[in-house]
Amino acid sequence: MLLALLISNSVGNILVERYHGVPAEERLHWRSFLVKLGADNLKGAKNEELFVASHKSVYIVYTVLGDVSVYVVGKDEYDELALAEVIFVVTSTIKDVCLKAPTERLFLDKYGKICLCLDEIVWTGILENTDKDRIKRLIRLKPPTEF
């Protein structure tokens, strides 16, 4: 199950967070842990260079994309390889929506569309869609032509 997907700016402020199966009292712990993890390791990192960590029997994959950091947390069948696939879909979709690697301002300008895309990619802790064309069709609220 995908436990969390967080996107923060370069100073650690959370821009988007999605939790699935994480109790409310643990969310603050995860938020602060992931931001600290990123602050310690993402300085000087290249765009879309993947980092992997493990904490409390869960896997964490995180990266930098422009001025934002993306964190994905999973357990069980969502090991580091599956999370790498999830983070690839998320980062490529964000780049498509913003037309380049986003600055914080550009990310916030496209916030609504990015949130729609994230909802189509991950639903209730399960990776739903990985095809960018299908995601584009779904966020336009048009039914897909194939099943």
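The structure we're discussing is the one just above.
Below: a short report on this structure. (Residues numbered from 1 in each chain as written. Predicted model: local features only at pLDDT ≥ 70, side-chain atom pairs only at ≥ 80, totals over all residues. Heavy atoms only, no water.)

**What to know about helix H1 (residues 24-41)**
Residues that lie three or four places apart on an α-helix share one face, since the helix turns once every 3.6 residues.
Thought 1: Over its 18 residues, H1 runs 26 Å from end to end, which matches the ideal 26 Å to within 8%, given 1.5 Å per residue.
Thought 2: Those residues of H1 not exposed but buried are Trp-30, Leu-34, Leu-37 and Gly-38. Burial along H1 is one-sided: seen end-on, the buried residues are contained in an arc of 95 degrees. Facing away from the buried side of H1 by over 90 degrees, the exposed positions are Glu-25, Leu-28, Lys-36 and Asp-40. (Helix = DSSP H or I, 4+ residues; strand = E, 2+ residues; numbered from the N terminus. Expected span 1.5 Å × (residues − 1). Buried < 20%, exposed > 50% of the residue type's maximum accessible area, 1.4 Å probe, protein only. Arc of directions from axis to C-beta.)

**Looking at the environment of Val-90**
Thought 1: Structurally, Val-90 can be placed in helix H2 (residues 80-98).
Thought 2: Residue Val-90 is classed as buried on the basis of its relative accessible area of 0%.
Thought 3: Through-space distance from the C-alpha of Val-90 to that of Glu-77 is 18 Å; in sequence the pair is 13 residues apart.
Thought 4: Not counting residues within four places of it along the chain, the set of residues in contact with Val-90 comprises Leu-5, Val-70, Leu-118 and Ile-121. (Contact = heavy atoms within 4.5 Å.)

**Considerations on the nonpolar core**
Thought 1: Counting residues in each nonpolar core, the largest one holds 29 residues, and the members touching the most others are Ile-7, Val-90, Ile-94 and Phe-107.
Thought 2: Elements represented by at least two residues in this core include exactly strand S1 (2-9), strand S2 (14-19), strand S4 (58-65), strand S5 (68-74), H2, helix H3 (104-109), helix H4 (111-121) and helix H5 (132-139).
Thought 3: Top element by residues in this core is H2. It accounts for eight residues.
Thought 4: Counting residues in hydrophobic clusters, the runner-up holds 17 residues, among them Leu-42, Phe-51, Ala-53 and Val-58. (Core = buried A, V, L, I, M, F, W, Y, C linked by side-chain atoms within 4.5 Å.)

**A short note on the pattern of salt bridges**
Thought 1: Applying the stated criterion to the full structure yields five salt bridges.
Thought 2: As a salt-bridge pair, Arg-31 and Glu-17 come within 2.9 Å of each other at their nearest N and O atoms. Here Arg-31 is found in helix H1, whereas its partner Glu-17 is found in strand S2, with 14 residues between them in sequence.
Thought 3: Glu-17 sits in the partly exposed class, given a relative accessible area of 29%.
Thought 4: With a closest N to O distance of 3.4 Å, Asp-96 and Lys-132 form a salt bridge. Remark: Lys-132 occurs in helix H5 and Asp-96 occurs in helix H2; sequence separation between them is 36 residues.
Thought 5: Overall, Lys-132 belongs to the partly exposed group, its relative accessible area being 35%. (Salt bridge = Lys/Arg side-chain N within 4 Å of Asp/Glu carboxyl O.)

**Thoughts on the environment of Ile-7**
Thought 1: By the secondary structure assignment, Ile-7 is in strand S1.
Thought 2: Once the C-alpha coordinates of Ile-7 and Glu-26 are considered, the two residues, 19 residues apart in sequence, prove to be 17 Å apart.
Thought 3: Those residues in contact with Ile-7 that lie beyond four places of it in its chain are Asn-13, Ile-14, Leu-15, Val-16, Val-68, Ser-69, Val-70, Ile-94, Phe-107 and Leu-118.

**Details of the packing of aromatic side chains**
Thought 1: This structure, assessed with the given rule, holds three aromatic pairs.
Thought 2: Geometrically, the ring pair formed by Tyr-62 and Tyr-71 is stacked, given 5.8 Å between the ring centres and 20 degrees between the ring planes. A single burial state applies to Tyr-62 and to Tyr-71, both of which are buried.
Thought 3: Here a set of aromatic residues connected by ring pairs shows up, and it is made of Phe-51, Tyr-62 and Tyr-71. (Phe/Tyr/Trp six-rings, centres within 6.5 Å; stacked < 30°, edge-to-face > 60°.)

**Structural notes on the packing of H2 against H5**
Thought 1: Running from N to C, H2 and H5 cross one another at 60 degrees; their axes reach a closest spacing of 11 Å. Our classification of the angle between H2 and H5 gives oblique. As for how H2 packs across H5, the hand of that crossing is right-handed. Residue-level contacts link Val-89, Ser-92, Thr-93 and Asp-96 of H2 to Lys-132, Ile-135 and Lys-136 of H5.
Thought 2: Partitioning the contact of H2 with H5 into residue classes produces two nonpolar, two polar and three charged. (Axes fitted to C-alpha atoms, helices over the stretch in contact; angles between N-to-C directions. Parallel < 35°, antiparallel > 145°, perpendicular 65-115°, else oblique. Left-handed = near helix turned anticlockwise from the far one by under 90°. Nonpolar A, V, L, I, M, F, W, Y, C, P; charged D, E, K, R; others polar.)

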